[in-house]
Amino acid sequence: MKFIDPDHFAAQGCLRLEGFHPRTRLAALKRALDLELKRVHAGRGVSASLRALPVFQQIGRLSALVKLPGLHETLATPDLRQGVAHLGGRTPSGVQDTQLLLSPVKQGTWTLQGLNWHVDVGADADGPIPGIQAFFLIDDVTPHGGATLALAGSHRLGADAMPALRRVLRTSTDLERDLAGLGIRLVEMSGRAGDVFLMDLRTLHTPSVNTTAQVRMMATTRYFMGE
Ligand SMILES: O=C(O)CCC(=O)C(=O)O
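Residues numbered from 1 in each chain as written. Predicted model: local features only at pLDDT ≥ 70, side-chain atom pairs only at ≥ 80, totals over all residues. Heavy atoms only, no water.

What to know about the pairing of strand β7 (residues 196–200)
The element β7 is extensively covered by neighbouring structure, given that five of its five residues are classed as buried. Both faces of β7 are covered, namely the face carrying Val196, Leu198 and Asp200 and the face carrying Phe197 and Met199. As paired strands, strand β1 (residues 14–17) and β7 are joined by four bridges and run antiparallel to one another. Among the inter-strand pairings, Cys14 is bridged to a residue of β7, identified as Met199. The pairing of strand β4 (residues 131–137) with β7 spans five bridges and is classified as antiparallel. Note on β7: the bridge partner recorded for Ala134 is Leu198. (Buried < 20%, exposed > 50% of the residue type's maximum accessible area, 1.4 Å probe, protein only. Helix = DSSP H or I, 4+ residues; strand = E, 2+ residues; numbered from the N terminus. Pairing = 2+ DSSP bridges.)

So, in C-alpha cells, the structure goes:
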C-alpha cells in the first residue's frame, strides 16, 4: 500500500495517510452530518447546555447527540484494516465501532496547557504493539481547529521516563522545544477531508480546543492486536 511506511510508524507511533479516503466519499458523510447538526441544534437550549460543560466534555456530549448510520462502514474500510495489519505485523483480533469526534465552534483561545493527555491502553513500551487507533478527518480541519494532538515517540517511553514527560506537559512554557529534548514531537492531526492518522495505542494524545468558527468533524476507530 503506497501510504504505509512501517519503519516510520514503528519509530514515531503516528502516521498520516494523506488523502486515504476519496473526498467524494467524505462529502456525502459531511452533508449527512450537517443535517444532523441542524436537527440537534434545533432542540431548545442545546447550544447553551453544551457551552455550560467543560471544553472537552462538550466533545462527548455533542458527538452522542448525533446519529450517522453507515459511519463505520464508510470509514473503517477493508483496505484500512489491511494497512493496519501491515503496520501492526498481524491481523487485528478486534475492531471497535467507529465513534464521532465533534467539537463545537469557538471553544476558546488556543492553549497547550491543561490538556487531557492520556493513553487508551496501558502496555509495555518494549513489547508488541497492542493496537492501532485510526483518526478520520470527515471535513478539513485547520490548525487550532480542534484536531486530536498526539505525542509522536511517546509509545516508546518506558515507565521510568514518564514522570519527566508528565512534568514537561504540566509546566513547560515552550512545549515543542522541551518535548524535542525528550525525542518527542507534537502532532496536530489537522489536514484535509479524507486524511487518516494511524496511532500506536500506547501513544499519549489529547483533545484540543477548537478556536475556529467551523465544527471539528473527525471520527475514530480502535483496532486491537491481541496476543
Ligand atoms: O477528541 C479528540 O480529539 C480526542 C479523542 C481521544 O482522546 C480518543 O479517542 O481517545
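Overview of the sheet that holds strand β8 (residues 205–206)
The pairing of strands in a sheet happens through backbone hydrogen bonds and is either parallel or antiparallel. Judged by pairing direction, the sheet is antiparallel, and its three strands sit side by side in the order β6-β5-β8 without closing on themselves. Either end of the sheet is taken by a strand with one partner, and the two such strands are β6 (185–188) and β8. By the bridge criterion, two bridges tie strand β5 (residues 149–152) to β8 in an arrangement that is antiparallel. For Leu149, the partnering residue across the bridge sits in β8 and is Thr206.

Let's talk about the site of the ligand
Residues in contact with the ligand, as listed here, are Ile59, Leu101, His118, Asp120, Gln133, Thr148, His205, Pro207, Arg216, Thr220 and Arg222. Taking Asp120, its side chain carries an N or O atom lying 2.9 Å from an oxygen atom of the ligand. When the free accessible area of the ligand is taken as 290 Å², the share hidden by the protein chains comes to 92%. Among the cavities detected, the one that contains the ligand is the largest pocket. At three residues, the largest contribution of residues to the shell around the ligand is made by strand β9 (residues 216–224). Looking at side-chain class alone, the shell around the ligand contains three nonpolar, five polar and three charged residues. (Near = heavy atom within 4 Å. Polar contact = N/O pair within 3.5 Å; in protein donor to acceptor, adjacent residues only side chain to side chain. Areas by Shrake-Rupley, 256 points an atom, 1.4 Å probe, with all protein chains shown as cover. 1 Å grid on protein atoms, 1.4 Å probe; cavity = no way out; pocket = protein on both sides within 12 Å on 5 of 7 lines; lining within 4 Å. Sits in = over half its atoms within 2 Å of the grid points. Nonpolar A, V, L, I, M, F, W, Y, C, P; charged D, E, K, R; others polar.)

With respect to the layout of surface pockets
A volume near 290 Å³ is recorded for the largest pocket. Leu101, His118, His205, Pro207 and Arg222 are, among the 17 residues lining the largest pocket, the residues nearest its centre. Looking at the lining of the largest pocket, the elements that each hand over two or more residues are α4 (55–65), β3 (99–103), β4, β8 and β9. Among the residues making up the lining of the largest pocket, the classes are represented as six nonpolar, eight polar and three charged. If you add up the space inside the second largest pocket, you get close to 160 Å³. Residue lining of the second largest pocket: 15 residues in total, with Val119, Ala123, Leu157, Met162 and Arg202 positioned closest to the centre. Each residue belonging to the lining of the second largest pocket can be placed in one class, and the counts come to eight nonpolar, four polar and three charged. (Points joined across faces, edges and corners; volume = space filled by probe spheres on them.)

Everything listed here is a matter of geometry and, on its own, says nothing about what the molecule does.
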